[in-house]
Amino acid sequence: MTTQLTPPVEKRPGTAADPAPAIRGPRRHGAWTPWLYLLPALVVLGALLVYPVYQLGLISFLEYTQAQVSGGEPTSFQGFGNYTALFSDPQFWQVLLATVVFAAACVVTTLAVGCALAVLLTRVRALPRLALMLAALGAWATPAITGSTVWVFLFDPDFGPVNRLLGLGDFSWTYGRYSAFALVLLEVVWCSFPFVMVTVYAGIRAVPTEVLEAAALDGASQWRIWRSVTAPMLRPVLVVVTIQSIIWDFKLFTQIYVMTNGGGIAGQNLVLNVYAYQKAFASSQYSLGSAIGVVMLLILLAVTLVYLRLLRRQGEEL
């Protein structure tokens, strides 16, 4: 008796024997699920961010002064006339240079202080760590206008305790250009370093202890461990805090306006945000103020994109 072997049935796509096509539909549908969860946030961001940016750009191409606001004169399209007037103003380039230098100094100092204190938090016991955390978070939670007012009082030439402790007499910190910028820098670092400290401290805690112990057994010093082991592993965290610090410090307004009384003597302590405020509201040149805002937005966008592109070339994942 011979047994006849039945040839295997060939499975064709789309038949019941092939389950793959049956799950392609749900998979394709499930790809949109994350976007459905993000849709409410995208709608809110579109209303609070996209529309104001559109209005800012639109006003920068118009002639929009107090006469147009009050309805005394019609609004007219100026094209790039506002940008031409802005770029031909020597004061704009002086303020732009001062803003870039001052923001860079604030970012570097804030990162240095924040990273140093984050490393210190990993070296101290629980009680000093808690005290430092609470003090830092208190500085972080203080409103900018409140902190600026307190710092002005501390360095006041007549009643401030700092001049008495340093023996400076009636030295005015806000009179000179560089001393005023230095005073504002101290206040900016004071209210900004807690973000860097807490973020970097959390990143250090996420670094495997085995890696640090291996580097210590190999004879590496603490500075070498930080530079060669910890910092490269913290690069995505450092990118986040760096970009945030650049954005915050480049568009600084409250500290400069409060501590230098609107930009210092003869505008010697102006930065772009205060300069835009003076053009828009003090001089009622709203179109020029909007043009300055657009320039600031493009600069910050370019800096962020270049920084991220350089990071991508190094193979880092954010």
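First, a word on scope: everything that follows refers to the structure included in this document.

What counts, and where the lines are drawn
- Residues numbered from 1 in each chain as written.
- Predicted model: local features only at pLDDT ≥ 70, side-chain atom pairs only at ≥ 80, totals over all residues.
- Heavy atoms only, no water.
- Helix = DSSP H or I, 4+ residues; strand = E, 2+ residues; numbered from the N terminus.
- Buried < 20%, exposed > 50% of the residue type's maximum accessible area, 1.4 Å probe, protein only.
- Contact = heavy atoms within 4.5 Å.
- Areas by Shrake-Rupley, 256 points an atom, 1.4 Å probe, with all protein chains shown as cover.
- Phe/Tyr/Trp six-rings, centres within 6.5 Å; stacked < 30°, edge-to-face > 60°.
- Lys NZ or Arg CZ within 6 Å of the ring centre and 35° of its normal.
- Polar contact = N/O pair within 3.5 Å; in protein donor to acceptor, adjacent residues only side chain to side chain.
- Core = buried A, V, L, I, M, F, W, Y, C linked by side-chain atoms within 4.5 Å.
- Axes fitted to C-alpha atoms, helices over the stretch in contact; angles between N-to-C directions.
- Parallel < 35°, antiparallel > 145°, perpendicular 65-115°, else oblique.
- Left-handed = near helix turned anticlockwise from the far one by under 90°.
- Nonpolar A, V, L, I, M, F, W, Y, C, P; charged D, E, K, R; others polar.

## Describing the overall build of the chain
When helices and strands are tallied, the chain shows 15 helices and 2 strands. Expressed as a percentage of its 318 residues, the buried residues of the chain come to 33%. For the chain, the share of sequence-separated contacts (at least 6 apart) that also reach a separation of at least 24 residues comes to 66%. Entry remark: accessible area of the chain is about 19,700 Å², with carbon and sulfur atoms responsible for 67%.

## Brief notes about the packing of aromatic side chains
Going through the model one piece at a time under the given rule, you end up with 22 aromatic pairs. Considering the side-chain rings of F87 and F92, the 5.7 Å spacing of their centres and the 50° angle between planes classify their relative orientation as tilted. Classification of F92 by relative accessible area gives buried; the value is 1%. Among the aromatic residues, ring-to-ring pairing joins F61, F77, F80, Y83, F87, F92 and W93 into one connected group. Above the ring of Y178, the side-chain terminus of R177 is found at 5.9 Å from the ring centroid.

## Examining helix 14 (residues 272-282)
Those residues of helix 14 lying buried are L272, V274, Y275, A276, K279 and A280. Downstream of helix 14 by a residue or two, S284 has a phi angle that is positive, lying close to 60°.

## Digging into the side chain of T304
With respect to the helices and strands, T304 occurs in helix 15 (residues 286-313). A polar side-chain atom of T304 sits 2.9 Å from the main-chain carbonyl oxygen of L300. With near-sequence residues (within four places) excluded, T304 lies in contact with I243 and I247.

## Things to note about the nonpolar core
In terms of nonpolar packing, the biggest core is built from 35 residues, with L86, F102, I256 and L272 touching the most fellow members. Put simply, the parts of the chain that give this core at least two residues each are helix 4 (81-87), helix 5 (90-121), helix 9 (177-206), helix 13 (254-259), helix 14 and helix 15. Discounting chain neighbours no more than four positions away, the residues touching L272 are F92, V95, L96, T99, F250, I292 and M296. Counting 21 residues, the second largest nonpolar core, distinct from the first, contains V196, I204, L234 and L238.

## What to know about unusual backbone geometry
In the Ramachandran plot, N261 falls in the positive-phi region, its phi being about 60° despite a non-glycine side chain. By secondary structure assignment, the location of N261 is in the loop between helix 13 and helix 14.

## What to know about the packing of helix 6 (residues 126-141) against helix 9
The interhelical angle for the contact between helix 6 and helix 9, taken along N-to-C directions, is 135°, at an axis separation of 7 Å. With respect to helix 9, the axis of helix 6 lies oblique. Note that helix 6 runs across helix 9; the crossing there is left-handed. Residues R129, L132, M133, A136, L137, A139 and W140 of helix 6 touch helix 9, and the partners they reach there are W190, C191, F193, P194, F195, M197, V198, Y201 and R205. Class assignment for the residues of the contact of helix 6 with helix 9 results in 14 nonpolar, no polar and 2 charged.

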